[in-house]
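Understanding the architecture of this molecule
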Amino acid sequence: MIKAVFFDMDGVLYDSMPAHEIAWCETFRRIGMAFSPTEAYENEGRTATGTINIVFERSIGRKATDKEVEDLYVIKTQLMRECGPAKPFPAMKRLLPELRRRGVSVFIVTGSRQPSLVDKLTAEFGVDSAHLITGRDVKYGKPNPEPYLMALERSGERPEDCLVVENAPLGVESGKAAGLPVLAVNTGKLSDSYLSAADKLFHTTEEVESYLLQTI
Ligand code: MG
C-alpha cells in the first residue's frame, strides 16, 4: 500500500529540462569548457556544484573553487530566467492534490537550490517546506541515496510503502540506492535504456497520473 510518494521536480513536475539544457551548455561555453546537450540530461539530478566539478575536472584537472561555483551558478540561473518560467505538467498539477486528498503524503526531492523554490511549489503544487528536500538540504545529492533517505525519514513510512517518481538516470539510481521502488517517466532526450534500473517506465506524465490513480 502506497502511503508516500516522493517526486523529483525538473522533468517530472515541470517541463523545465529544455531550459536547463540551454542554460548549462551556454554557461560552460562562456568559460570555454565543452558540455553537450546530452550531458545536461546525463547529469540531471546532480547538485550544480557536482556538475560543475565534473566538467572542471575533465577540462582542467581540478575542482572548481567555491567562488567559481557561485559565479557559474549565477550565470546559469540568469540564463534559466531568460528561458521564462518553467511550465508545470498539467497531469502532475492534477495528480498531487488528488494523492493528498486520498491520504498519501507527497514530498518533492530535488537537487535544485533556487531561493524561490518553496514559494513556487507552494503556489503551483500546494507543497510546503516540510515536504520539500532541495540541493540546500543535502551534502552529496543524487545519485547518492541521501536525498531520498531524507524524504523517507521525514515521511515516517516503510520503504516498501513509498514510491519515487523520477525522470533522470541519476535520480533513479538515487532512489534505488535508498531501497525504494522507483517509477521512471522518460520526458527527456535520452533513450529508455538509461532508465532501465527503474521498476516501471512510462513516457508521459499522463501515464504516471493514470497508473497512480488506479494503484492508490
Ligand atoms: Mg528530474
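The residue numbering used here restarts from 1 in each chain and proceeds along that chain's sequence as written. Given that the model is predicted, a residue must reach a pLDDT of at least 70 before its local features are reported, and side-chain atom pairs must reach 80 or more before they are shown or counted; all residues, however, enter totals for whole chains, interfaces and linings. In computing side-chain values, all of the structure's heavy atoms are included and hydrogens and water are not.

**Considering the overall build of the chain**
What counts here: Strands are runs of DSSP state E lasting at least two residues, helices are runs of H or I lasting at least four, and both sets are numbered from the N terminus onward. What the globule rule says is 2.2 Å times the number of residues to the power 0.38, and the radius of gyration is computed from C-alpha atoms. For every residue, the accessible area obtained with a 1.4 Å probe (protein chains only) is divided by the maximum for its type, and the residue is called buried under 20%, exposed over 50%, and partly exposed between those limits. We call two residues in contact whenever any of their non-hydrogen atoms come within 4.5 Å of each other. Per-residue accessibility takes into account occlusion by the displayed protein chains alone, with areas from the Shrake-Rupley method and a 1.4 Å probe. For the purpose of charge, His is not counted, nor are the chain termini; Lys and Arg are scored as positive and Asp and Glu as negative. Lys charges are placed at NZ, Arg charges at CZ, Asp charges at CG and Glu charges at CD.
Each helix and strand in the chain was counted, giving nine helices and six strands. Here the chain has a C-alpha radius of gyration of 17 Å; the compact-globule value for 216 residues is 17 Å, and the two agree. Referenced to the eigenvectors of the C-alpha coordinate spread, the extents of the chain come out at roughly 50 × 30 × 30 Å. Put simply, the chain has 216 residues, and 50% of those count as buried. For the chain, long-range pairs separated by at least 24 residues make up 62% of all intrachain contacts whose partners lie at least 6 apart in sequence. As presented, the chain carries roughly 10000 Å² of accessible surface, and 53% of it is formed by carbon and sulfur atoms. Averaging the locations of the 26 positively and 31 negatively charged side chains of the chain gives two centres separated by 2 Å.

**A look at the domain arrangement of the chain**
To keep it simple, the criterion reads: Note that the domain bounds reflect an automated or database-derived domain assignment. A 1.4 Å probe defines the accessible area here, and the buried area is the portion of it lost by two parts on being joined, summed over both.
In terms of domains, the chain is made up of domain 1 (4-15 + 86-215) and domain 2 (17-82). The gap between the C-alpha centroids of domain 1 and domain 2 is 23 Å. In this assembly, 20 residues from domain 1 lie in contact with 16 residues from domain 2. Looking at the side of domain 1 facing domain 2, the largest losses of area belong to Arg113, Leu170 and Lys189, adding up to 35% of the total buried there.

**Some remarks on the sheet that holds strand β4 (residues 162-166)**
Here is the rule we go by: Strand pairing follows a simple DSSP-based rule, namely that at least 2 bridges must link the two strands. Here the axes come from fitting lines to C-alpha atoms, over the contacting stretch only for helices, and the angles between their N-to-C directions go from 0 to 180 degrees.
Spatial ordering of the open sheet is given by β3-β2-β1-β4-β5-β6, a layout of six strands whose pairing is parallel. Every interior strand has two partners, whereas the edge strands, β3 (132-133) and β6 (200-202), have only one. Set on the sheet, helix α8 (residues 169-177) makes contact with β4 and β5 (182-185); between it and β5 the angle comes to about 170°. Seen against the sheet, helix α9 (residues 205-215) touches β1 (4-7), β4, β5 and β6 and runs at an angle of roughly 150° to β5.

**Section: the packing of helix α1 (residues 17-30) against helix α4 (residues 66-82)**
Under the convention used in this document: Here roughly perpendicular refers to angles of 65 to 115 degrees, roughly parallel to angles under 35, roughly antiparallel to angles over 145, and oblique to all remaining angles. The crossing is said to be left-handed when, going from far helix to near helix, the turn is anticlockwise and less than a right angle, and right-handed when the turn is clockwise.
As a packed pair, α1 and α4 sit with axes 9 Å apart at the nearest point and diverge in direction by 135°. Judged by the angle between their axes, α1 and α4 are oblique. Once α1 is placed against α4, the crossing between them reads as right-handed. The segment α1 lies against α4, with Ala19, His20, Ala23, Trp24, Glu26, Thr27 and Arg30 engaging Leu72, Ile75, Lys76, Leu79 and Met80.

**Re the coordination of the magnesium ion**
The test is simple: Only N, O and S atoms count as donors, using a 2.8 Å limit from the metal and a wider 3.2 Å limit for Na, K and Ca, and since water is excluded some coordination spheres may look unfilled.
Taken together, the protein donors to the magnesium ion comprise Asp8 (OD), Asp10 (O), Glu44 (OE) and Asn167 (OD1), at separations of 1.9 to 2.2 Å. Here the donor residues of the magnesium ion are spaced in sequence according to D-x1-D-x33-E-x122-N. Of this pair, Asp8 sits in the loop between β1 and α1 while Glu44 sits in the loop between α2 (37-42) and α3 (48-60), and the two are 36 residues apart along the sequence. The exposure classification of Asp8 matches that of Glu44, with both residues buried.

**A word on helix α5 (residues 90-101)**
Owing to its 3.6 residues per turn, the α-helix aligns residues three or four sequence positions apart on the same side. Threshold: Take the residue count of a helix, subtract one, and multiply by 1.5 Å to get its expected span.
Look at α5: 17 Å from first C-alpha to last across 12 residues, which is about the 16 Å you get at 1.5 Å a residue. Every buried residue belonging to α5 is among Ala91, Met92, Leu95, Leu96, Glu98 and Leu99, and all of these are buried. Tucked inside the fold, the buried residues of α5 contact β1, β2 (105-109), α6 (117-125) and α9. Gly103 sits one or two positions beyond α5 and adopts a positive phi of about 90°.

**Notes on the packing of aromatic side chains**
This is how the line gets drawn: The aromatic pairing rule takes the rings of Phe, Tyr and Trp, using the six-membered ring of Trp, and pairs them if the centres are within 6.5 Å, calling planes under 30 degrees apart stacked, those over 60 edge-to-face and the rest tilted. Put simply, a charge is over a ring when the Lys NZ or the Arg CZ is close to the ring centre, within 6 Å, and near the line of the ring normal, within 35 degrees.
Per the counting criterion, the structure on display carries six aromatic pairs. Here Trp24 and Phe28 contribute two aromatic rings whose centre-to-centre distance is 5.4 Å and whose plane-to-plane angle is 10°, an arrangement assigned as stacked. Of the two residues, Trp24 and Phe28 both sit in helix α1, four residues apart, roughly one turn of that helix. According to the relative accessible area criterion, Trp24 is buried, its value standing at 8%. Judged by centre distance (5.2 Å) and plane angle (45°), the rings of Phe202 and Tyr211 are tilted. The exposure class of Tyr211 is partly exposed, given its relative accessible area of 23%. Three or more aromatic residues link up through ring pairs in this structure, and these residues are Trp24, Phe28 and Phe35. The ring centre of Tyr73 lies 4.2 Å from the NZ or CZ of Arg113, which sits over that ring.

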